[in-house]
Amino acid sequence: MTDHPLVRVPARPSTYSFEPATTALLVIDMQRDFLQPGGFGESLGNDVTQLRRTIEPLAAVLAAARAAGLTVVHTREGHLPDLSDCPPAKLNRGAPSKRIGDPGPNGRILVRGEYGHDIIDELAPADGEPVIDKPGKGAFYATDLDGLLGERSVTSLLVTGVTTEVCVHTTVREANDRGYECLVLADCVGSYFPQFHAVGLAMIAAQGGIFGWVAESADLLAALAPSVSA
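Everything numeric in this text was worked out from a predicted model, so none of it was measured.

Draft legend 1. Seen up close, the side chain of Ser217. Inspection of the secondary structure assignment puts Ser217 in helix α9 (residues 217-229). Within the structure, Ser217 has its side chain in polar contact with the side chain of Asp187 (distance 2.6 Å). Filtering out sequence-adjacent residues up to four positions away, Ser217 remains in contact with Pro57, Val61, Leu185, Asp187 and Cys188.

So, in structure tokens, the structure goes:
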């Protein structure tokens, strides 16, 4: 018998069950460069409201996860100031003057230490919460995330953040290959392109949950409520 009863969340394709003590909330790349009005993402012609709609539900999930004692991990995509960790295939993508390392609305674009690279104020990490700086799309590539989760005996991931079809999807695929069971919260992940968001979520839950499960944050919060009030 476990000291921490399983939390069961209605999800697609089936109920997702997890134990809080072995579960982490992963908050992917909620950075100013991507979400800030007038920032880098918007300068490319993207509608940042498609990403900012995730902030309110994610803030509620973050508060509940902290109250329930879950491990919380944040990630930031970005590169060293000398760009030595940014391969040419990534560095040369996009229009000149709007590439990684170029001056942007909030400092050099996706460079560690710049204002735009950091996490938005509404979802700022609490003291002691790990922040993983990653040079790639996936949160496991060239980072110590796997080791960090292993040290905490984490086997389940509640996945949130941006963007659904890029960094979120890549991370979920990486996690799945490593044996983690992932629940993606549909209203806490976002894309500049609604059609990519919808298809990305469908791909995760397809074929009996080929990469994981998908649920709404309200269902997670309701399932977590007994753990929070205990």
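There's plenty left to go through after this.
Draft legend 2. Local environment of the packing of helix α7 (residues 164-177) against helix α8 (residues 194-209). Two elements in contact, α7 and α8, have axes whose closest approach is 10 Å; the angle formed by their N-to-C orientations is 15°. Considering the angle they form, α7 stands roughly parallel to α8. In terms of crossing hand, the pair formed by α7 and α8 is right-handed. Residue-level inspection shows Thr164, Glu165, His169 and Arg173 of α7 in contact with α8, the latter providing Phe196, His197, Gly200, Leu201, Met203 and Ile204. Considered class by class, the residues forming the contact of α7 with α8 number four nonpolar, four polar and two charged.

Draft legend 3. Looking closely at the packing of aromatic side chains. Applying the stated criterion to the full structure yields four aromatic pairs. Geometrically, the ring pair formed by Tyr16 and Phe18 is tilted, given 5.9 Å between the ring centres and 40° between the ring planes. The pair Tyr16 / Phe18 is uniform in exposure class, with both members buried. On the basis of an interplanar angle of 65° and a centroid distance of 5.1 Å, the ring pair of Tyr16 and Trp213 is categorised as edge-to-face. A residue pair is termed long-range when its members are at least 10 positions apart, and Tyr16 in strand β2 (residues 16-18) and Trp213 in strand β10 (residues 213-215) qualify at 197 residues. Exposure remark for Trp213: the relative accessible area of 17% places this residue in the buried category.

Draft legend 4. How the structure looks around the environment of Asp133. Tracing the backbone through its elements, the reader meets Asp133 in strand β7 (residues 131-134). Residue Asp133 is classed as partly exposed on the basis of its relative accessible area, which comes to 23%. Between the C-alpha atoms of Asp133 and Glu42, which are 91 residues apart in sequence, the distance is 22 Å.

Draft legend 5. View of the packing of helix α4 (residues 55-67) against α9. One way to put it is that α4 packs onto α9 with a least axis distance of 10 Å and a crossing angle of 20°. Classified by the interaxial angle, the pair formed by α4 and α9 is roughly parallel. Taken as a pair, α4 and α9 cross one another with a handedness that is left-handed. Between α4 and α9, the residues in contact are Pro57, Ala60, Val61, Ala64 and Ala67 and Ser217, Leu220, Leu221, Leu224 and Val228, respectively.

Draft legend 6. Fine view of α4. Spanning 13 residues, α4 covers 18 Å between terminal C-alpha atoms, matching the ideal 18 Å at 1.5 Å per step. Among all positions in α4, only Ile55, Pro57, Leu58, Val61, Leu62, Ala64 and Ala65 are buried.

Draft legend 7. Representation of unusual backbone geometry. Following Arg12, the chain continues into Pro13 via a peptide bond in cis, with omega recorded as 5°. Its place among the elements puts Pro13 in the loop between β1 (7-9) and β2. Residue Thr163 is bonded to the preceding Val162 through a cis peptide linkage, with omega at -15°. Relative to the helices and strands, Thr163 resides in the loop between β8 (156-162) and α7. Of note in this structure, Asp29 is not a glycine but carries a positive phi near 55°. Within the secondary structure layout, Asp29 lies in the loop between β3 (23-28) and α1 (32-35). One non-glycine residue, Ser153, lies in the positive phi region at around 60°.

Thresholds applied
Residues numbered from 1 in each chain as written. Predicted model: local features only at pLDDT ≥ 70, side-chain atom pairs only at ≥ 80, totals over all residues. Heavy atoms only, no water. Helix = DSSP H or I, 4+ residues; strand = E, 2+ residues; numbered from the N terminus. Polar contact = N/O pair within 3.5 Å; in protein donor to acceptor, adjacent residues only side chain to side chain. Contact = heavy atoms within 4.5 Å. Axes fitted to C-alpha atoms, helices over the stretch in contact; angles between N-to-C directions. Parallel < 35°, antiparallel > 145°, perpendicular 65-115°, else oblique. Left-handed = near helix turned anticlockwise from the far one by under 90°. Nonpolar A, V, L, I, M, F, W, Y, C, P; charged D, E, K, R; others polar. Phe/Tyr/Trp six-rings, centres within 6.5 Å; stacked < 30°, edge-to-face > 60°. Buried < 20%, exposed > 50% of the residue type's maximum accessible area, 1.4 Å probe, protein only. Expected span 1.5 Å × (residues − 1).

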